[in-house]
Amino acid sequence: MTPAVTYEHIKTCKQTGARLGIVHTPHGSFETPAFMPVGTQATVKTMSPEELKAMNAGIILSNTYHLWLRPGNDVIKEAGGLHKFMNWDRPILTDSGGFQVFSLSEFRNIKEEGVHFRNHMNGDKLFLSPEKAMHIQNDLGSDIMMAFDECPPFPATHEYMKSSVERTSRWAERCLKAHQRPQDQGLFGIIQGGEFEDLRKQSAQDLVSLDFPGYAIGGLSVGEPKDVMNRALEFTTPLMPADKPRYLMGVGSPDSLIDGAIRGIDMFDCVLPTRIARNGTLMTSTGRLNIKNAAFKRDFGPIDDKCDCYTCKNYSRAYVHHLIRADETFGIRLTSYHNLQFLLNLMGQVRQAIREDRLGDFREEFFEAYGFNKP
Ligand code: GUN
Ligand code: ZN
């Protein structure tokens, strides 16, 4: 049986080792390195599927945890699956709920069978396990499902991380056994181990021996310094199969996308562009700005004169400044549109730079213009 999700390698950047490829799924293919906009509640906040397509989003991410609690995976199954329910016919990846249980709920109790915790909205007692996370994701019908893992906080002790990695490996095996639709849903394993090289190695070896169609690196961007993340990537990506997709979970700042691609990552997701958009923060070719700032009250130019998005083509900084200050819904639609388009364009530039063997040069130019090189 051919796996539901496969990786086609196009080329390796001679300057950096970054990978250019195509991931094939039952709902079509997308080019990598790719950024996945986050649609936690079966919607990328404020954006319609048509708008996401217009900005060239090839795949989006959604969340098992939230859709299980509301409206319920049974409802989405009855609707014909998540693609039909939300009217998105391109690929969808769903996270397993593991991370959300750890980041959203209090009172959690981790046992071998799974995690007992309380609903973050109403306090009800809940239980999530590898089998349940697979059942829910099978009902959702996502193209890429994620294994149920534990993502320990940073910093964690080596001793705790080791026992956690071992449990995550046992859970990964249970996920594979419980997965009912391997013919049309690809299940990715998640490598944990924090900043510890020996534990990343152990985790990668355990999961690679289980033969998933793709692998993620979890447990990063949890508060550790950037150089700790980059070092962890440097010793982890070489342990991952070259003929399968590699996904760095929860990472989406422009510098980390470029530095992740340089270390061999193919897929990324993050709430950052949409979350900061809702308070008026915009990513531009010359760095971040907050549009609420008084300086923009009479600025009738575009948000970014190098951007070709719907917002920049049609509206001024002064207008967006006014809408965000007045708490108008259209304001956060315009800022969300721009930030998403900015990151999707950035990935297009990264792919083009790989094609031309100049991603190292592109990094230097981008970092200089964005202000990452400033002390
Ligand atoms: N999202 C960001 N980091 C993680 C992680 O370590 N595990 C899961 N399941 N999701 C994530
Ligand atoms: Zn724009």
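Our subject in this report is the structure included herewith. (Residues numbered from 1 in each chain as written. Chains lettered and ligands numbered in written order. Predicted model: local features only at pLDDT ≥ 70, side-chain atom pairs only at ≥ 80, totals over all residues. Heavy atoms only, no water.)

## Describing the packing of aromatic side chains
Consideration 1: Overall, the coordinates contain 14 aromatic pairs when judged by the stated rule.
Consideration 2: Between phenylalanine 342 and phenylalanine 366, the ring centres sit 6.4 Å apart and the planes meet at 45 degrees, which makes this aromatic pair tilted. Pair noted here: phenylalanine 342 is in helix α14 (residues 329–355) and phenylalanine 366 is in helix α15 (residues 359–370), with a separation of 24 residues, a long-range link. In this structure, phenylalanine 342 and phenylalanine 366 share a single accessibility class: buried.
Consideration 3: Within the aromatic cluster, the residues linked to one another by ring pairs are Phe342, Phe362, Phe366, Phe367, Tyr370 and Phe372. (Phe/Tyr/Trp six-rings, centres within 6.5 Å; stacked < 30°, edge-to-face > 60°. Helix = DSSP H or I, 4+ residues; strand = E, 2+ residues; numbered from the N terminus. Buried < 20%, exposed > 50% of the residue type's maximum accessible area, 1.4 Å probe, protein only.)

## So, the coordination of the zinc ion (ligand 2)
Consideration 1: Within the protein, Cys307 (SG), Cys309 (SG), Cys312 (SG) and His338 (ND1) serve as the donor atoms for the zinc ion (ligand 2), at 2.1 to 2.3 Å.
Consideration 2: For the zinc ion (ligand 2), the 4 donor atoms in the first shell make angles of 99 to 116 degrees at the metal, so the coordination geometry reads as tetrahedral.
Consideration 3: All donors of the zinc ion (ligand 2) come from a single chain, and their spacing in sequence reads C-x1-C-x2-C-x25-H. Taken together, the residues cysteine 312 in helix α12 (residues 310–314) and histidine 338 in helix α14 connect sequence positions 26 residues apart. Judged on exposure class, the residue cysteine 312 and its partner histidine 338 are both buried. (Donors = N, O, S within 2.8 Å, 3.2 Å for Na, K, Ca; no water. Tetrahedral: all angles 85-135°; square planar, octahedral: opposite > 155°, others 65-115°.)

## Concerning the site of ligand 1
Consideration 1: What surrounds ligand 1 is the set Asp95, Ser96, Phe99, Asp149, Cys151, Ile190, Gln192, Gly218, Gly219, Met249 and Gly250.
Consideration 2: The side chain of glutamine 192 places a nitrogen or oxygen atom 2.9 Å from an oxygen atom of ligand 1.
Consideration 3: A distance of 2.8 Å separates an oxygen atom of ligand 1 from a polar atom in the backbone of glycine 219.
Consideration 4: Burial of ligand 1 by the protein chains amounts to 96% of its free accessible area of 270 Å².
Consideration 5: When its residues are assigned to classes, the shell around ligand 1 shows 4 nonpolar, 5 polar and 2 charged. (Near = heavy atom within 4 Å. Polar contact = N/O pair within 3.5 Å; in protein donor to acceptor, adjacent residues only side chain to side chain. Areas by Shrake-Rupley, 256 points an atom, 1.4 Å probe, with all protein chains shown as cover. Nonpolar A, V, L, I, M, F, W, Y, C, P; charged D, E, K, R; others polar.)

## A closer look at the packing of helix α6 (residues 130–140) against helix α7 (residues 158–178)
Consideration 1: Where α6 meets α7, the closest approach of the two axes is 8 Å, and the angle between their N-to-C directions is 40 degrees. The angle between the axes of α6 and α7 places the two elements in the oblique class. Handedness of the α6/α7 crossing: right-handed. From α6, Pro130, Glu131, Met134 and Asn138 reach across to α7, where they touch Trp171, Arg174, Cys175 and Ala178.
Consideration 2: Across the contact of α6 with α7, the residue classes break down as 5 nonpolar, 1 polar and 2 charged. (Axes fitted to C-alpha atoms, helices over the stretch in contact; angles between N-to-C directions. Parallel < 35°, antiparallel > 145°, perpendicular 65-115°, else oblique. Left-handed = near helix turned anticlockwise from the far one by under 90°. Contact = heavy atoms within 4.5 Å.)

## Notes on the environment of phenylalanine 127
Consideration 1: Looking at the secondary structure, you find phenylalanine 127 in strand β9 (residues 125–128).
Consideration 2: Along the primary structure phenylalanine 127 and threonine 25 are separated by 102 residues, whereas in three dimensions their C-alpha atoms are 30 Å apart.
Consideration 3: Not counting residues within four places of it along the chain, the set of residues in contact with phenylalanine 127 comprises Trp68, Glu113, Gly114, Val115, His116, Phe117 and Lys132.

## A closer look at the nonpolar core
Consideration 1: With 88 residues, the main nonpolar core has Phe35, Leu52 and Leu359 as its most contacted residues.
Consideration 2: Looking at which element gives the most residues to this core, the answer is α14, with 11 residues.
Consideration 3: In contact with phenylalanine 35, not counting residues within four places along its chain, are Ile59, Val251, Gly252, Leu257, Phe268, Asp269, Cys270, Pro273, Leu340, Leu343, Leu344 and Met347. (Core = buried A, V, L, I, M, F, W, Y, C linked by side-chain atoms within 4.5 Å.)

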